[in-house]
Structures are given as C-alpha cells and as structure tokens.
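As a plain string of letters, each chain reads:
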Amino acid sequence: MFPNLSDEQRRFVQTVRDLAQREFRPRANQYMDGTFPWENMRALAELGVLGMAVPEEYGGLGLSVLDTALVLEEIAKVCYVTAMAVLGEVGVQTRIIATYAPEPIKQRILPAVCSGDCLLAICMTEPDAGTDVANYRTNVDHVGNALRLNGVKTLISRADEAGMFVVFTRVDKQQGRAGIGCVLVEKGTPGFSVTGKFHTMGGENLHEIRFEDCELPPENLVLREDGFRKLLSAFNTQRCLNPSISLGLAEGALEEAVKYAKERRAFGRAIAEFQGMRWKLAEMYRDIEASRSILYRACASADPFPDPLLAAAAKVTVNEMALRVTSEAIQVHGGYGFTDEFPVSRFYRGARYGTLGGGTTETLRDLIGKRVLAGVDPTDGIFGLGAF
Ligand SMILES: Cc1cc2nc3c(=O)[nH]c(=O)nc-3n(C[C@H](O)[C@H](O)[C@H](O)COP(=O)(O)OP(=O)(O)OC[C@H]3O[C@@H](n4cnc5c(N)ncnc54)[C@H](O)[C@@H]3O)c2cc1C
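Conventions we followed
- Residues numbered from 1 in each chain as written.
- Predicted model: local features only at pLDDT ≥ 70, side-chain atom pairs only at ≥ 80, totals over all residues.
- Heavy atoms only, no water.
- Helix = DSSP H or I, 4+ residues; strand = E, 2+ residues; numbered from the N terminus.
- Rg over C-alpha atoms; globule rule 2.2 N^0.38 Å.
- Buried < 20%, exposed > 50% of the residue type's maximum accessible area, 1.4 Å probe, protein only.
- Contact = heavy atoms within 4.5 Å.
- Areas by Shrake-Rupley, 256 points an atom, 1.4 Å probe, with all protein chains shown as cover.
- Lys, Arg positive; Asp, Glu negative; His and termini not counted.
- Charge placed at Lys NZ, Arg CZ, Asp CG, Glu CD.
- Axes fitted to C-alpha atoms, helices over the stretch in contact; angles between N-to-C directions.
- Parallel < 35°, antiparallel > 145°, perpendicular 65-115°, else oblique.
- Left-handed = near helix turned anticlockwise from the far one by under 90°.
- Nonpolar A, V, L, I, M, F, W, Y, C, P; charged D, E, K, R; others polar.

**Q** Would you mind going over the overall build of the chain in detail, with residue names and values included?
**A** Scanning the chain from terminus to terminus reveals 12 helices and 10 strands. Here the C-alpha atoms of the chain give a radius of gyration of 21 Å, agreeing with the 21 Å that 2.2 N^0.38 yields for 388 residues. Dimensions along the principal axes, computed over C-alpha positions, put the chain at roughly 80 × 55 × 40 Å. Across the 388 residues that make up the chain, the buried fraction comes to 55%. Residue pairs in contact within the chain that sit at least 24 positions apart in sequence constitute 72% of those at least 6 positions apart. Summed over all atoms, the accessible surface of the chain reaches about 17,300 Å², with 52% contributed by carbon and sulfur. On the chain, the mean spot of the 43 positive side-chain charges and the mean spot of the 49 negative ones are 4 Å from each other.

Dropping the structure here:
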C-alpha cells in the first residue's frame, strides 16, 4: 500500500492522532474567536511535532514532507486552527531557515522552534501585491554594513505570537522577480509593529504588520543571489502541506456525516438507509481517496522540495475536493449542519482557506497549463511514469 511507511512512522502518526482525538477535539470550538491554541501547541512540542522540519543536529526530528503532511492531516481532522498554527512551524519558513540561514541563526532559532518558544511567521502578501509577487514594494536598503527594511505586509498568520518573521522583500534595485529575496526580522526590532487585525471565517486572526526603517544585521539577509527561484522552490512544500490540512478537514467531515447518517431518522428509518444518502457518502469517500493519492505522491517527490507540477496539481485537486466534501457533509446534516451545534460547519469554513493560501487555484491552474504545454510532446505524448 502506498505510502510505504515504516513502523516508526506509523507509530508517530498514530500518537499524534490519539492526542488530537483525545485532547484537541473537545476544545476545538474554543479557538473560533481568534484565541491561539497554546495548550495544543505545547502538547505537540512535547511530542516533537514542532521540530518535524528541523534537522536533527538542531534538536528536531528532520522528517520528510510526507511525514509532515500525514501529521497535519490528523490534526486538521479535529481542529483547523491548530493545524494552521502548526503549519507555521513545520512549513516553508522553517525549511528556508534550515536550508539557507547562516549557522549562528540556525543554532539560535531552530532549537527554539522545536520547543515552541519561537513561532515563525511568513510574510509575503502586501496590501497591493498578493498573487502579483513581482510588484512587492517592501524594500531593503543596504546602509553601510547594515540593512534597513521598509514596507507593509498583510493577512499574516500568527503575527501576534511569532518571535521571528521570514519576510519576502525586494533586496536590490533589480525590477520584478529578479530583485526579490528574503530577510529575517525578530519581534521587538525597533520600527516593527502590528498595525491591523482581521478575524477570519476559519477562526484564526490574521494581521497587518509594518516595517519602518527596521535596522537588521547583515546575516539576516538569508537569500539574495537567485533568491526568488530558491524561495519558489521551497514554497512547493507549502503547496503540499496546505492541502494536507484540506484532506484532514474532508476526512473529519466525512466521519461526522457517517455518524449523523446512522443516528438521524426520517420516514421511520436511519437516513443512511436511503440510497440518496449512501451515494452521497460514497462520492465523498471516492473524492477523498482519489485526492489523497496525488497528494501523497507530490509529497513523496520532495528532494528536498516537492516537484512543482505535482505539487500544484495536488493542491488544486485536494483543495477543491475539500470544498465539495465539507459542503456535502453539511447537506447530510440537513439544517442542523448550518448551525454551530455540529463540527461540520467548522470544517467547511476551514476548507474555504485552501484555495486561497499557498498559491490561489487560478494561478496554479495557469502554472499547470504552461507546464503541460511545454512538457507534452505532440508526437510521443505522455510517458506513463508520472510528472514529465
Ligand atoms: C487564512 C489565511 C492565512 C494567510 N496567511 C498568510 C501568511 O501567513 N503570510 C502571507 O504572506 N499571506 C498569508 N495569506 C494571504 C494569502 O497568501 C493571499 O490572500 C493570497 O496569496 C492571494 O493574494 P490576495 O489576497 O492579494 O489576492 P489577489 O492576488 O488580489 O487575487 C484576487 C483574485 O484574483 C485572482 N488572480 C490574481 N492574479 C491572477 C492571474 N494572473 N490569473 C488568474 N487569476 C488571478 C486570484 O486567484 C484571486 O482569485 C493568508 C490568507 C488566508 C486566507
């Protein structure tokens, strides 16, 4: 059966699953008002989950993208907000620091990521440039030996809690994507402030943050030469981990729908006995399993980052599947599905994030189309072993 996991891998995923079902499930509703799930994060830090993306020499577990996806899936089955909080520690920002930051920064920050003492935020989106990354206005000036950062980032997850901000910014005077790189900003740096708050339909808060003449030491410039290509390459990790949360939400919704269909009675029998309901559950299951296959395959392609074409195809497939499945789970619950009494409305709201973050569905479809046009040979067609 794919994926071929060792006993140790299976035990680790099972341990996270047990914790999530036992402790996170009962308190999932508490986080819908923007409260950060600190108690869940501390429990996950104890298991080593927050250090999954940190190499062993810095105190982490150094696990693969696939291992990470499996763990996020188990957490998302019960609590979207916690899964999103964990994504910050196991996702692209940690992998950028672990791959590209200078040694003293790695030694200082990465052990603190594992323990949960330093949460990481990733700052890409700007008020006037979300998808359109070539138009970033955030800018680094090189002043003597130091760096000076100015700009505004918005819709940033965990900005209130994070100790370190991984900021995509213009790092030299070149226009467009060529001038984009990455700097690290520590909370408390003079000139850094949190200037706005948005409460989301998923439950968590997002923030606007501002950098005004933030002075940074030169070693905080972690990516300059060829920076944008390296950033995008690392970002394929996010394109696998975001949909692993979607997958977990869909599975959680199906579990709830099955439970409800067996309990709810109409016309003298359980609604699960109606063919219309059974076919709905069958479609949900089929949709989930088909999506799981492409996602795990995309995750397994990581070396160290996942294949861009597979990651984009997996993300679009799984994100859209989760919208269908969570919506159908509400349908199975009838009018009660629309209330806060049952978890399915929470799953549906969380699933809505998938197609927006980590590359929107529209831009990823465009990327897939371009690669297909360039990659399919009109004479030989597609060779049947996967991504060309
Ligand atoms: C829950 C959540 C958490 C987030 N966390 C973070 C975070 O931690 N850090 C961060 O930096 N950002 C974060 N974001 C922001 C997210 O990354 C952006 O919302 C996303 O990149 C889209 O940018 P935008 O909102 O500016 O939309 P826009 O870029 O303005 O796009 C609007 C619409 O136009 C479409 N569009 C744009 N360009 C094209 C094109 N070329 N072809 C076809 N359609 C196009 C888009 O697909 C979209 O449907 C988060 C968002 C959410 C919802």
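**Q** Describe in detail the side chain of T189, supporting the description with residues and values.
**A** In this structure, T189 sits in the loop between β5 (180–186) and β6 (192–199). Discounting residues that sit within four places of it in the chain, T189 has contacts with C214, E215 and L216.

**Q** I'd love a proper account of unusual backbone geometry, names of residues and values included.
**A** Most peptide bonds adopt trans geometry, and most residues besides glycine take a negative phi value. Cis geometry marks the peptide bond from D303 to P304; its omega dihedral reads -5°. Secondary-structure assignment places P304 in the loop between α9 (275–300) and α10 (308–332). Even without being a glycine, L155 presents a positive backbone phi close to 60°. A positive phi angle, close to 50°, is found at F267, a residue other than glycine. Tracing the backbone shows F267 in the loop between β9 (265–266) and β10 (269–270).

**Q** Could you give me a rundown of the packing of α10 against helix α12 (residues 361–375), with the residues and numbers involved?
**A** To characterise two packed helices, one gives the angle between the axes of the helices and the distance between these axes. Packing of α10 against α12 brings their axes to within 9 Å, and their N-to-C directions diverge by 140°. One finds that α10 runs oblique with respect to α12. Read as a crossing pair, α10 and α12 show a hand that is left-handed. On the side of α10, the interface is formed by P308, L309, A312, A313, K315, V316 and E320, while α12 contributes T361, L364, R365, L367, I368 and R371. Per-class residue counts for the contact of α10 with α12 are 8 nonpolar, 1 polar and 4 charged.

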